[in-house]
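# Summary of structural features
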Amino acid sequence: MSRGDNVTVYRGGFLSSLVYGICGVVGVAVVGAVVLGVYGLNVVDRKIDKALLTGGQVIHSLPEIRKALPPILADALNDRRSPEYRDQLAITAKVLPSSDDRKAAIVIEATNNGPEMVTLLAVRVNLEDRSGRFVRSERAYIATPMLVEGEWDGPILSGATRRHMVRVWQDLPDVLAQVEICDIRVWESKATDTDRDG
């Protein structure tokens, strides 16, 4: 007589069934997350392609968009970057001592000695102690393409002086301010005249 293979039957209890159930749910969740991630990447990839295509079309149509804008906005966009114009600017900064409310302030003064109107002037003020050790820095836009009350100061005309205050929410005893010009843009009047003639 031949003997058959032994069959072993495992009887599961409550805890083993609970563990199998949890593992099954976790497995399904992982597979679902992978599927959703792949689908999401596919959607993002398609949207980025469309955005790049649309962005290219917008760049090519910028002259037409500029002509369609109201004059106040179109004039604000007619400028050019001009780092060499910094020789025409005199910029100083000084730290005002804190008052009773423990707030110091940095006053930046910029004078436009050149013939152009400055539409953008971005500066960085580095604060150092008397030994030359760097303490902190603050950034400010002294000139902006348009005047927006409470937000933007507007452009600086030729021969004009602009004063700008930066609040510092701490006491700064005995520090010196050094101004670094980050960006300068000047108004391009010829571009405006060409756009209006065309």
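Refer to the structure above for everything that follows.
Here goes a summary of the coordinates provided. (Residues numbered from 1 in each chain as written. Predicted model: local features only at pLDDT ≥ 70, side-chain atom pairs only at ≥ 80, totals over all residues. Heavy atoms only, no water.)

## Looking at the pairing of strand 3 (residues 104-112)
Burial runs high along strand 3: eight of the nine residues are buried. The sheet contact formed by strand 2 (residues 89-96) and strand 3 spans eight bridges and is antiparallel. For Leu89, the partnering residue across the bridge sits in strand 3 and is Asn112. When strand 3 meets strand 8 (residues 161-168), the two strands line up antiparallel, connected through eight bridges. Paired with Val107 across the two strands is Met165, which belongs to strand 8. (Buried < 20%, exposed > 50% of the residue type's maximum accessible area, 1.4 Å probe, protein only. Helix = DSSP H or I, 4+ residues; strand = E, 2+ residues; numbered from the N terminus. Pairing = 2+ DSSP bridges.)

## Re the nonpolar core
Counting residues in each nonpolar core, the largest one holds 24 residues, and the members touching the most others are Ile106, Ile108, Val118, Leu121 and Ile142. Of all the secondary-structure elements, those providing two or more residues to this core are strand 2, strand 3, strand 4 (118-129), strand 5 (134-143), strand 8 and strand 9 (175-187). Among the elements that make up this core, the one with the highest residue count is strand 4 (five residues). Setting aside chain neighbours within four positions, we find Ile142 in contact with Ile108, Ala110, Leu121, Val123, Asp153, Gly154, Ile156, Arg162 and His164. (Core = buried A, V, L, I, M, F, W, Y, C linked by side-chain atoms within 4.5 Å. Contact = heavy atoms within 4.5 Å.)

## Section: the sheet that holds strand 2
The strand order across the open sheet formed by three strands is 2-3-8, and the pairing between neighbours is antiparallel. Every other strand in the sheet has two partners, leaving strand 2 and strand 8 as the edge strands with one partner each. For this sheet the average axis-to-axis angle between neighbouring strands, irrespective of direction, equals 15°. (Axes fitted to C-alpha atoms, helices over the stretch in contact; angles between N-to-C directions.)

## Describing the sheet that holds strand 4
Hydrogen bonds along the backbone pair up the strands of a sheet, which may run parallel or antiparallel. A sheet is described by the order of its strands in space; here four strands give the open sequence 1-9-4-5, paired in antiparallel fashion. The open sheet terminates on both sides in strands that have one partner only, identified here as strand 1 (79-81) and strand 5. On average, each strand axis in the sheet is inclined to that of its neighbour by 25°, with strand direction left out of account. Bridging between strand 4 and strand 5 involves eight bridges; their strand directions are antiparallel. Within the sheet, the bridge partner assigned to Arg124 lies in strand 5 and is Arg139.

## What to know about the pairing of strand 4
The buried fraction of strand 4 amounts to ten of the twelve residues, a majority that puts the element mostly inside the structure. In terms of strand pairing, strand 4 meets strand 9 through eleven bridges, oriented antiparallel. Bridge pairing in strand 9 places Asn126 opposite Gln178. What sits between the antiparallel neighbours strand 4 and strand 5 is a turn of four residues, in which Gly132 has the positive phi angle 90°.

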